[in-house]
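# Structural description and commentary
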Amino acid sequence: MNKEEAINYCYLHKNEYLSDLYAYGENGERQFECLIAILEDGTIEPKELKKYGMDY
């Protein structure tokens, strides 16, 4: 998966990701924005999404 595909994948599963984080009392929207930002700037690779909770 390349960076663009990974970002599309994240947006496809955004609602599930937000629900999971809100269930744990986290600010899901802020976490999601940060995840997209670190993907876009290359801080993480698409293969690392699972480590950040994006594994749907």
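In this text, all values refer to a predicted model and were calculated from it rather than measured experimentally. The numbering scheme is per chain: residues are counted from 1 as the chain's sequence reads. Reporting in this predicted model follows two pLDDT cut-offs: at least 70 for local features of residues, and 80 or more for side-chain atom pairs to be given and counted; totals over whole chains, interfaces and linings ignore these cut-offs and use all residues. With hydrogens and water stripped out, all remaining heavy atoms of the structure feed into the side-chain values.

### Some details on helix α1 (residues 3–12)
Only protein chains enter the accessibility calculation, which uses a 1.4 Å probe; a residue is then buried when its area is under 20% of its type maximum, exposed when over 50%, and partly exposed in between. Runs of H or I in DSSP of at least four residues are treated as helices and runs of E of at least two as strands, each being numbered from the N terminus. Three or more residues of α1 are buried, namely A6, I7, Y9 and C10. Viewed along the axis of α1, the buried residues span an arc of 155°, placing them on a single side of the element. Those residues of α1 that are exposed and aimed more than 90 degrees away from the buried face are E4 and L12. Looking at the packing, one finds that the buried side of α1 touches α2 (14–23) and α3 (28–40). Measuring from the backbone nitrogen of E4 back to the side-chain oxygen at the start of α1 gives 3.0 Å, which picks out N2 as the cap. Working note: the arc is built from the helix axis to C-beta atom directions. Here a residue-residue contact requires only that any non-hydrogen atoms of the pair lie within 4.5 Å. In protein, a polar contact requires one atom able to donate a hydrogen and another able to accept it; more generally it is a pair of N or O atoms within 3.5 Å, and residues adjacent in sequence count only if both atoms are side-chain atoms.

### Brief notes about the packing of α1 against α3
A fitted line through C-alpha atoms serves as each axis, taken over the contacting stretch for helices, and the angle formed by two N-to-C directions is quoted from 0 to 180°. Contact geometry for α1 and α3: axes closest at 10 Å, N-to-C directions at 170°. Taken together, the axis directions place α1 and α3 in an arrangement best described as roughly antiparallel. Every residue of α3 that contacts α1 at K3, A6, I7, C10 and Y11 is listed here: F32, L35, I36, L39 and E40. Basically, the charged four are Asp, Glu, Lys and Arg, the nonpolar ten are Ala, Val, Leu, Ile, Met, Phe, Trp, Tyr, Cys and Pro, and anything else, Gly included, counts as polar. Here the residues of the contact of α1 with α3 are counted per class, giving 8 nonpolar, no polar and 2 charged. For this classification, under 35 degrees means roughly parallel, over 145 means roughly antiparallel, 65 to 115 means roughly perpendicular, and everything else is oblique.

### Some points on α2
Looking only at α2, the buried set comprises Y17, L18 and L21. The arc that holds every buried residue of α2, seen down its axis, measures 95°, which confines them to one face. Away from its buried face, by an angle of more than 90 degrees, α2 presents the exposed residues N15 and A23. Each element contacted by the buried residues of α2 is listed here: α3. Trailing α2 by a residue or two, G25 shows a phi angle of about 80°, which is positive.

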